[in-house]
Amino acid sequence: STISHEVFGRLKPGLRVEMEDRQDRSPFTDSLLTGSFRYLEIAPGLSLINLDPFRATAEIQLRTEDSASSGTMTRAFHALTQLYDLQLKEWRSFSSSISLTLRRTDLPDELAAGSGSASNTMLVRSQVRYAPWQRALDADGLYEFARERSAAMKRAFLRVAKGTGNYTYKGDLNQNGIGDENEFEQTRFDGEYVAMYLPSDQLVPVVDLRAGLRLRFTPARLFSQRHGFFEKALAAISTETVARIEEKSTEPEARQIYFLHLSKFLNDSTTIAGSNLFTQDLYVFEADPSFSLRFRFNQRNGLLRLLGSTEKSYSRERSIRLRTQPLKEIGNETEFKNKVDQLFSSIDSPRRRNLVSHALKTEFSYRPYPEWEVAFGTGLSQVTNRFDGADATADLNDQFLRLTYSIVSFGQLRSEVQREEVRIAKGSNLGLREYPFEFTNGQVVGKTLLWRLAFDYRISQYIQVSVNYDGRSEGGRRTVHSARAEARAFF
């Protein structure tokens, strides 16, 4: 329940109380079953209102939670949380918010597990937006800083239903009775495992920071009428810039992280997980459906410290995308992409790679009637793996034909046929070593034929039916067929 009341016109105190007591008992004994719990939260607060464009709130939360252990209720934790929030509403195209959260959690000694009976967490979050000149400039900023306890991560593989995962298990190759990482292999089809990152048992104080900036510039919004050549040329261009930093570090001097001293980021000895991303897009005639261009530069550095190993990653993409629509019924999208994809590990790992690729892809779409669409296209790419000084190059090409029929307001019927081919142009040691999954994106050497048929239909507002059929023949292997039908009813 919540109670609030305005005082003096600008101050609004309030009180929120939440409580739940759930006790599930065994029918044979009087003991509580696992899943029983009890909690009580009392949260007095104060808001500052009617002070436009500002708004401020403060709240203190006292929460006690018990859980069933050994058939009786025992204390799980007691927490004291302080919440402070200040907002600046839309004011001269500028808006901002900043919030501070302080939380202290006290645990019973038997649950502390050597990490201390109390833990303190601090979270600072700030968002800023500035959109002047009729939003010709649109700038968003985010800064989030937290001090908490965390742990180094370990990669584990969880078994799932066949076909829903992206890894297969090759077996206990070293006969140690443990599923090691190099015994799991990525696959495009029929995967039975997914990779997960789980924290280890040892918690340590960490500094967790996320910061990002997005700038979008659309000069066309500046001109209501475009008479001169300069105005027309400037209105044809728009840009978007994105920069993002994430860092979870055990750096003892926290100010080195929250003051963004980048020399302390992605450090082998202190970083648990971190990345920095920069993307620059330049558009020409972005809003014109008949002709538009996009130039992109994207670069990302990352570091992940796992138990027993450290992985460093680097990727860079440079691409040009062209969209045209010469006729009302016909459209085309063509893209050329140059990409570098690197991952280095401190231990021998099948994930290690140093790939350089060039790819060209074009797709045509033809829509003679609103309910019919025919699409076809082709792609060519060359990927070189420059690892351990032994280059290996793969040449890939693919072609596809897709037909879609839409049943207005009821469903859709889709069919597609795709041909893929992979040839290893260089690398005489093929077969003597394993190449990373990304080298051919999981495609097998040789020719592959894929075909798909899917039908979705809504019988009524509450009943939907879907039927899917997939077939494939990879590199001369036996043909594999799979089908699935599903009906859903909503009540």
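What this report covers is the structure whose coordinates are included nearby. (Residues numbered from 1 in each chain as written. Predicted model: local features only at pLDDT ≥ 70, side-chain atom pairs only at ≥ 80, totals over all residues. Heavy atoms only, no water.)

1. Looking at the pattern of salt bridges
Pairing between side chains becomes possible if they bear opposite charge and their charged atoms approach one another. Scanning the entire structure with this criterion turns up 39 salt bridges. We note a salt bridge from Glu 240 to Arg 214, for which the minimum N-O separation is 3.4 Å. Taken as a pair, Glu 240 in strand β14 (residues 237-249) and Arg 214 in strand β13 (residues 204-217) lie far apart in primary sequence, 26 residues in all. Accessibility expressed as a relative area gives 18% for Glu 240, which makes it buried. Accessibility expressed as a relative area gives 23% for Arg 214, which makes it partly exposed. (Salt bridge = Lys/Arg side-chain N within 4 Å of Asp/Glu carboxyl O. Helix = DSSP H or I, 4+ residues; strand = E, 2+ residues; numbered from the N terminus. Buried < 20%, exposed > 50% of the residue type's maximum accessible area, 1.4 Å probe, protein only.)

2. Structural notes on the packing of aromatic side chains
All chains considered together, the criterion is met by 15 aromatic pairs. Seen from their ring centres, Phe 145 and Tyr 258 are 4.8 Å apart, and the 75° between their planes marks the pair as edge-to-face. On the criterion of sequence distance, the pair formed by Phe 145 in strand β8 (residues 137-150) and Tyr 258 in helix α3 (residues 255-258) is long-range, its members being 113 residues apart. For Tyr 258, a relative accessible area of 29% puts it in the partly exposed group. With 4.7 Å between their ring centres and 40° between their planes, Trp 372 and Tyr 405 make a pair best called tilted. Pair noted here: Trp 372 is in strand β20 (residues 372-387) and Tyr 405 is in strand β21 (residues 390-407), with a separation of 33 residues, a long-range link. Members of the aromatic cluster, connected to one another through ring pairs, are Phe 157, Tyr 167, Tyr 169, Phe 184 and Tyr 193. (Phe/Tyr/Trp six-rings, centres within 6.5 Å; stacked < 30°, edge-to-face > 60°.)

3. Side note on the pairing of β14
Pairing analysis gives 11 bridges linking β13 to β14, with the strands arranged antiparallel. Each residue of the ladder has a partner; that of Arg 210, found in β14, is Glu 246. One ladder, built from 13 bridges, connects β14 with strand β15 (residues 271-284); its direction is antiparallel. Bridging from a neighbouring strand, Glu 246 pairs with Ser 275 of β15. (Pairing = 2+ DSSP bridges.)

4. Here we look at the environment of Asp 268
Within the secondary structure, Asp 268 is located in the loop between α3 and β15. Counting along the chain gives 36 residues from Asp 268 to Leu 304, while the straight-line C-alpha distance between them is 9.0 Å. Residues contacting Asp 268, with those up to four places away along its chain left out, are Leu 303, Arg 305 and Lys 312. Within the local environment of Asp 268, its side chain forms a polar contact with the side chain of Lys 312, the two groups lying 3.1 Å apart. (Contact = heavy atoms within 4.5 Å. Polar contact = N/O pair within 3.5 Å; in protein donor to acceptor, adjacent residues only side chain to side chain.)

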